[in-house]
Amino acid sequence: MLWLIGNKGMLGTELSLVLEKRGVSFTGTDREVDIADPAALASFAETCCRKEALTWIVNCAAYTAVDKAEDDQDFCRRLNVEGPGNIARIAQSTGARLIHISTDYVFDGRGIQEGGSFRPYRETDETSPVGVYGLTKRDGEQAVLENNPRSCIVRTAWLYGRHGGNFVHTMLRLMNERDEVKVVNDQRGSPTWAQDLAETLAAIVAAETQDRQVPWGIYHYTNEGSITWFDFAREIYNQGRRFGLIKSDCAVRPCTSAEFPAKVTRPAYSVLDKTKIRAALGIGIPAWDESLVRYLEIRAKQEGLA
Ligand SMILES: NC(=O)c1ccc[n+]([C@@H]2O[C@H](COP(=O)([O-])OP(=O)(O)OC[C@H]3O[C@@H](n4cnc5c(N)ncnc54)[C@H](OP(=O)(O)O)[C@@H]3O)[C@@H](O)[C@H]2O)c1
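All figures in this text were calculated on a predicted structure; none of them were measured in a lab.

Procedures and definitions
- All residue numbers refer to position in the chain's written sequence, counted from 1.
- A pLDDT threshold of at least 70 governs which residues receive local features in this predicted model, and a stricter bar of 80 or more applies before side-chain atom pairs are shown or counted, although totals over entire chains, interfaces and linings include all residues.
- Only hydrogens and water are removed before side-chain values are computed, so all heavy atoms of the structure are retained for them.
- In this description, strands pair whenever DSSP reports at least two bridges between them.
- Helix and strand assignments come from DSSP, with helices taken as H or I runs of at least 4 residues and strands as E runs of at least 2, each series counted from the N terminus.
- Convention adopted: a line fitted to C-alpha atoms gives each axis, helices being fitted over their contacting stretch, and angles between N-to-C directions are expressed from 0 to 180 degrees.
- The contact criterion used is simple: two residues touch if any of their non-hydrogen atoms lie within 4.5 Å.
- Residue proximity to a molecule or strand is established when one non-hydrogen atom of the residue lies within 4 Å of it.
- Any N or O atom pair separated by 3.5 Å or less is treated as a polar contact, with the protein-specific requirement of one donor-capable and one acceptor-capable atom, and with residues adjacent in sequence counted only for side-chain atom pairs.
- Only the protein chains shown count as cover for residues, and all accessible areas are computed by the Shrake-Rupley method using a 1.4 Å probe.
- Per-residue accessibility, obtained with a 1.4 Å probe over protein chains only, is compared with the maximum for each type, and a residue is labelled buried under 20%, exposed over 50%, and partly exposed between these values.
- Between 30 and 60 degrees the pair is tilted, below 30 it is stacked and above 60 it is edge-to-face, where a pair is any two Phe, Tyr or Trp rings, Trp via its six-membered ring, whose centres lie within 6.5 Å.
- By convention in this document, the label disulfide applies to cysteine sulfur atom pairs within 2.5 Å.
- An angle counts as roughly parallel when it lies under 35 degrees, as roughly antiparallel when it exceeds 145, as roughly perpendicular when it falls between 65 and 115, and as oblique in every other case.
- Crossings are classed by handedness, with left-handed meaning an anticlockwise turn of the near helix from the far one by less than a right angle and right-handed meaning a clockwise turn.
- Put simply, Ala, Val, Leu, Ile, Met, Phe, Trp, Tyr, Cys and Pro go in the nonpolar bin, Asp, Glu, Lys and Arg in the charged bin, and everything else, Gly too, in the polar bin.
- Think of a nonpolar core as a cluster: buried Ala, Val, Leu, Ile, Met, Phe, Trp, Tyr and Cys residues, connected wherever their side-chain atoms sit within 4.5 Å.

Visitor: Pulling in residues and values, what's your account of the sheet that holds strand S1 (residues 2-5)?
Guide: The six strands lie next to each other as S2-S1-S3-S4-S7-S12, forming an open sheet whose pairing is parallel. Each end of this open sheet is capped by a strand with a single partner; those strands are strand S2 (26-29) and strand S12 (217-220). Pairwise comparison of adjacent strand axes, ignoring direction, gives a mean angle of 20 degrees for this sheet. Examined bridge by bridge, strand S7 (residues 151-156) and S12 share four bridges and lie parallel to one another. When the bridges of S12 are listed, Cys-152 appears paired with Gly-217. Relative to the sheet, helix H4 (residues 132-147) contacts strand S4 (97-103), S7 and S12, its axis offset from that of S4 by approximately 160 degrees.

Rendered as structure tokens:
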């Protein structure tokens, strides 16, 4: 039995659907089993184990409000550091294998230059988080590895999916409301469909049952390709118009990050190197634009537009 923690969040919702589709036996919890409360976690694990052995725990729960975290440091630390540590201890004591989700924010986002251009961050690159969110996610990774070295940590970035607030939803709404949207053109990354990541997490679990265990450690996963938020917005607009999700013309204009000041400086470069996960799973990774089209197509069908 797999225990999916954070099953009502953006990634957790997609992973629930993928596990259902693959016929994986799982149970899901969200806020009702507080990850910051070791007794609550232990009690739920015990209830699970009485029915069926707990073989996997996947933790998608986290404190994810990047700017708010600056004023909410203690609470953020409880969720992003103590929570994963508690979960890792449960995995250790029950013998369950653990997958924990982390972020590109463990890096400072200034990029690493090689041969005159930036190269994607590797799992072995030194972390250097800049804000409370990134710092607590980095410390959460360490708490996981200290308490259960037999864990997979999957760092991702720029997620969107059907559940919850995200860039794609915001753009579709604004492009329907306004004649013009301005989007930053000086931050580069890889938009990632949460369903693709969910399929990859399920593939890590499946590899184990097929006797091809994925080695423990840190992995990077995003969709392929790298662009700026402005490039992403332009494609959302083009495809959104094509599928009828955007009803009227809207100009998409580039701007700089200075025009959208935020409490925490956003990474200028957050492209992740995925060589390790591709090799471990023997998978190809969908390109960001192909996945965006698939996502918008599904959304258009759900809205009766396609
Ligand atoms: N979204 C991105 O762009 C992005 C990028 C890189 C990495 N990540 C990482 O990917 C993972 C999943 O992110 P996401 O966007 O799916 O996050 P999300 O939508 O915020 O989901 C997190 C879930 O955890 C729940 N939760 C909050 N506090 C909890 C607690 N004390 N105990 C149990 N559950 C609790 C949340 O409930 P409430 O909604 O009620 O708070 C929510 O359902 C996180 O580790 C995040 O750091 C996300």
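Now, onward.
Visitor: Any details on the site of the ligand? Residues and values, ideally.
Guide: Surveying the vicinity of the ligand reveals 23 residues, the closest of which are Leu-11, Arg-31, Asp-34, Tyr-133 and Lys-137. Here Asp-30 contributes a side-chain N or O atom positioned 2.9 Å from an oxygen atom of the ligand. In the model, a nitrogen atom of the ligand is placed 3.2 Å from a nitrogen or oxygen of the Ile-35 main chain. Compared with its free state, where it exposes 880 Å², the ligand has 80% of that area covered by protein.

Visitor: Describe the environment of Glu-290, with residues and values.
Guide: When you line up the elements, Glu-290 lands in helix H9 (residues 288-302). On the basis of relative accessible area, Glu-290 is assigned to the partly exposed category, the value being 48%. Spatially, the C-alpha atoms of Glu-290 and Trp-193 are 9.9 Å apart, while their sequence positions differ by 97 residues.

Visitor: So what's going on with the packing of aromatic side chains? Which residues, and what values?
Guide: Going through the model one piece at a time under the given rule, you end up with 15 aromatic pairs. Ring centres of Trp-193 and Tyr-295 lie 6.0 Å apart, and the angle between their planes is 65 degrees; this geometry places the pair in the edge-to-face category. Of the two residues, Trp-193 is situated in strand S11 (residues 192-193) and Tyr-295 in helix H9; the sequence distance between them amounts to 102 residues. You'll find Trp-193 and Tyr-295 in the same group, each marked buried. Taken together, the ring pairs in this structure connect Trp-158, Tyr-160, Phe-167, Trp-193, Trp-229, Phe-232, Trp-288 and Tyr-295 into an aromatic cluster.

Visitor: Pulling in residues and values, what's your account of the state of the cysteines?
Guide: Inspection of every chain in the model, using the stated rule, returns zero disulfides. You can see Cys-76 has no disulfide; the closest cysteine sulfur is in Cys-60, sitting 17 Å from it. For Cys-255, which is in no disulfide, the shortest distance to another cysteine sulfur is to Cys-250 and amounts to 13 Å. You can call Cys-255 buried: its relative accessible area is 6%.

Visitor: Describe the packing of helix H1 (residues 10-22) against helix H6 (residues 194-209), and please don't skip the residues or the numbers.
Guide: It is at 8 Å that the axes of H1 and H6 come closest, and there the two elements cross at 55 degrees. Compared by their axis directions, H1 and H6 come out oblique. Of the two elements, H1 crosses H6, and the hand of that crossing is right-handed. Residues Met-10, Leu-11, Glu-14, Leu-15, Val-18, Leu-19, Lys-21 and Arg-22 of H1 form the contact with H6, whose own contacting residues are Ala-194, Gln-195, Leu-197, Ala-198, Glu-199, Leu-201, Ala-202, Ala-203 and Ala-206. Its residues assigned to classes, the contact of H1 with H6 comprises twelve nonpolar, one polar and four charged.

Visitor: How would you explain the packing of helix H2 (residues 38-51) against helix H3 (residues 73-94) if you had to name every residue and give the values?
Guide: Packing of H2 against H3 brings their axes to within 10 Å, and their N-to-C directions diverge by 35 degrees. Judged by the twist between their axes, the crossing of H2 over H3 is right-handed. Along its contact with H2, which presents Pro-38, Leu-41, Ala-42, Ala-45 and Cys-49, the element H3 presents Asn-86, Ile-87, Ile-90 and Thr-94. For the contact of H2 with H3, the per-class residue count stands at seven nonpolar, two polar and no charged.

Visitor: Before we move on, can you summarise the nonpolar core with the specific residues and values?
Guide: Among the nonpolar cores identified, the biggest contains 32 residues, and Val-168, Met-175, Val-183, Phe-232 and Ile-236 are the most heavily contacted of them. Of all elements in the fold, only helix H5 (167-177), strand S9 (180-184), helix H7 (229-242), strand S14 (251-255) and H9 reach the threshold of two or more residues within this core. Counting 29 residues, the second-largest nonpolar core is a separate cluster that includes Trp-56, Val-154, Leu-201 and Val-205.

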